[in-house]
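Here are the chains, one letter per residue:
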Amino acid sequence: MRGRFFVLEGLDRSGKSTQCARLVEHLQRQGRKAELLRFPDRTTPMGKMIDSYLTSQTDMNDQAIHLLFSANRWEKAASIRQKLRDSIDIVCDRYAFSGIAFSVAKGLDYQWCKAPDVGLPAPDQVLFLDISPEHAEQRGGYGQERYEKREMQLKVREVFGRIRDDMTSAQGKWSVVDAGQSLEAVSLQIQHIADQVLIVDDDATDRSA
Ligand code: T5A
Ligand code: NA
């Protein structure tokens, strides 16, 4: 059976990384092969350029950094498809939705931003961790990276809403999770949604966004 592709999205500090790790454990407890993936993947040569941009060590044109984020996903596209064929579930910390949301929030054109990611493997389920920027700010480590400013986060949240409204069923399902709850409560909500995805009999391979 084909692996399932889960994507966690949300504002900065909404708890994505914490919940991705927990979802991988939840899947593995059920005897499934599950692996964690994250974007940006800062370990590749392109990822290192992205990291340098996010930590404000270098500046880059808005279009150029947008394409770099997308290229960083394309680097992994073939391996994602292969893992899904090999019955490995993938839990992914951010994906193309973040790519669109942050660049559009900066002022780039929505359709232009969507184009470079067209054709990437499509997730089965997007879990959007929703939190107000005010609440996210109270969590540890906030404010160190480039986009961690309230005005920017408010715009990003708005664009995520537009992406959700635009999404077709072939591009995956989108569920909103209240990320302002306790760690445990958020995990339970995510696990419940994930379990629904596991029981759907879908052996289609190579679904594309
Ligand atoms: N970006 C990304 C683009 O512009 N284009 C793209 O294409 C992509 C892929 C870096 C930036 O890049 C942008 C978006 C980002 O601005 P990143 O590396 O994913 O992306 O970095 P962040 O999103 O900033 O990741 P964070 O680590 O800040 O946030 P997380 O993963 O959402 O949060 P997490 O799990 O690390 O938790 C943060 C803190 O809150 C606590 C945790 O213990 C931790 O201290 N916490 C909770 N506290 C109370 N209650 C809960 N329920 C909690 N859940 C977590
Ligand atoms: Na994170």
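Now for a description of the structure that goes with this document. Just so it is clear, the structure is predicted and the values come from calculations on it, not from any experiment. Each chain carries its own residue numbering, running from 1 in the written order of its sequence. For this description, chains carry letters from A and ligands carry numbers from 1, given in the order in which they are written. Where totals are concerned, whole chains, interfaces and linings use all residues; where local detail is concerned, this predicted model gives features only for residues with pLDDT of at least 70, and gives and counts side-chain atom pairs only at 80 or more. Water and hydrogen atoms were dropped before computing side-chain values, which therefore reflect all heavy atoms in the structure.

1. Focus: the nonpolar core
So, step 1. One finds Tyr 95, Phe 97 and Ile 163 to be the most contacted residues of the largest nonpolar core, which totals 38 residues.
So, step 2. Phe 6, Leu 127, Leu 129 and Leu 198 belong to the second largest nonpolar core, which has 21 residues in total. In this description, a nonpolar core means a group of buried Ala, Val, Leu, Ile, Met, Phe, Trp, Tyr and Cys residues linked to one another through side-chain atoms lying within 4.5 Å. Each residue is assigned to one of three classes by its accessible area relative to the maximum for its type, calculated with a 1.4 Å probe on protein chains only: buried under 20%, partly exposed between the two thresholds, exposed over 50%.

2. Section: the site of ligand 1
So, step 1. Throughout, near means a residue has at least one heavy atom within 4 Å of the molecule or strand. As a structural note, the neighbourhood of ligand 1 is formed by 26 residues, with Arg 13, Lys 16, Thr 18, Arg 73 and Arg 94 the closest of them.
So, step 2. At 2.8 Å, a side-chain N or O of Arg 73 approaches an oxygen atom of ligand 1.
So, step 3. Separating an oxygen atom of ligand 1 from a backbone N or O atom of Gly 99 is a distance of 3.3 Å.
So, step 4. Relative to its unbound accessible area of 1,000 Å², ligand 1 is 82% covered by the protein chains.
So, step 5. Only runs of H or I of at least four residues qualify as helices and only runs of E of at least two qualify as strands under DSSP, and these elements are numbered from the N terminus. Elements represented by at least two residues in the shell around ligand 1 include exactly helix H1 (16–29), helix H3 (62–85) and helix H4 (96–105).
So, step 6. The classification used treats Ala, Val, Leu, Ile, Met, Phe, Trp, Tyr, Cys and Pro as nonpolar, Asp, Glu, Lys and Arg as charged, and all other residues, Gly among them, as polar. Broken down by class, the residue content of the shell around ligand 1 amounts to 8 nonpolar, 8 polar and 10 charged. Think of a polar contact as two N or O atoms within 3.5 Å of one another; within protein, one of them needs to be a possible hydrogen donor and the other a possible acceptor, and neighboring residues in sequence only count if both atoms come from side chains. Per-residue and other accessible areas were derived by the Shrake-Rupley procedure at a 1.4 Å probe size, with only the shown protein chains allowed to occlude residues.

3. Regarding the sheet that holds strand E2 (residues 33–38)
Paired through their backbone hydrogen bonds, the strands of a sheet run either parallel or antiparallel.
So, step 1. By this definition, two strands are paired if DSSP reports at least two bridges between them. Read across the sheet, 5 strands follow the order E2-E3-E1-E4-E5 without closing on themselves; strand pairing throughout is parallel. The sheet is open, and its two edges are formed by E2 and strand E5 (173–178), each paired on a single side. Looking at each pair of strands side by side, their axes are set apart by 20° on average, direction ignored.
So, step 2. Bridging between strand E1 (residues 5–10) and strand E4 (residues 125–130) involves 5 bridges; their strand directions are parallel. Bridge pairing in E4 links Glu 9 to Phe 128.
So, step 3. Here a residue-residue contact requires only that any non-hydrogen atoms of the pair lie within 4.5 Å. For helices, the fitted axis covers only the stretch in contact; all axes are lines through C-alpha atoms, and the angles between them, taken along N-to-C directions, range from 0 to 180 degrees. Here helix H7 (residues 150–166) sits on the sheet and contacts E1, E4 and E5; the angle it forms with E5, its principal contact strand, is near 145°.

4. So, H3
In an α-helix there are 3.6 residues to a turn, and that puts residues three or four apart on one side.
So, step 1. One less than the residue count of a helix, multiplied by 1.5 Å, gives the span that helix is expected to have. The terminal C-alpha atoms of H3, which comprises 24 residues, lie 35 Å apart, in line with the 34 Å expected from a rise of 1.5 Å per residue.
So, step 2. Fitting one axis to the seven residues ending at a residue and another to the seven starting there, the bend at that residue is the angle between the two axes. Approximately 40° is the largest bend angle found in H3, and it occurs at Lys 76.
So, step 3. Listed as buried for H3 are Ile 65, His 66, Leu 68, Phe 69, Ser 70, Asn 72, Arg 73, Lys 76, Ala 77, Ile 80, Arg 81 and Leu 84.
So, step 4. If you check the start of H3, you find a side-chain oxygen 2.9 Å away from the backbone N of Gln 63, and it comes from Asn 61.
So, step 5. Within two residues after H3, Ser 87 carries a phi angle of roughly 65°, on the positive side.

5. Observations regarding the packing of H4 against H7
So, step 1. Put simply, H4 and H7 touch, their axes get as near as 8 Å, and they point 130° apart. One element, H4, and the other, H7, form an angle in the oblique class. In the crossing of H4 with H7, the sense of the turn from one axis to the other is right-handed. Here Phe 97, Ser 98, Ile 100, Ala 101, Phe 102, Val 104 and Ala 105 of H4 come into contact with H7, specifically with Met 152, Gln 153, Lys 155, Val 156, Val 159, Phe 160 and Ile 163.
So, step 2. A breakdown of the residues in the contact of H4 with H7 according to their chemical character gives 11 nonpolar, 2 polar and 1 charged. Put simply, angles under 35 degrees are roughly parallel, angles over 145 are roughly antiparallel, angles from 65 to 115 are roughly perpendicular, and the rest are oblique. Helix crossings get a hand from a simple test, with the near helix turned counterclockwise from the far one by less than a right angle marking a left-handed crossing and a clockwise turn marking a right-handed one.

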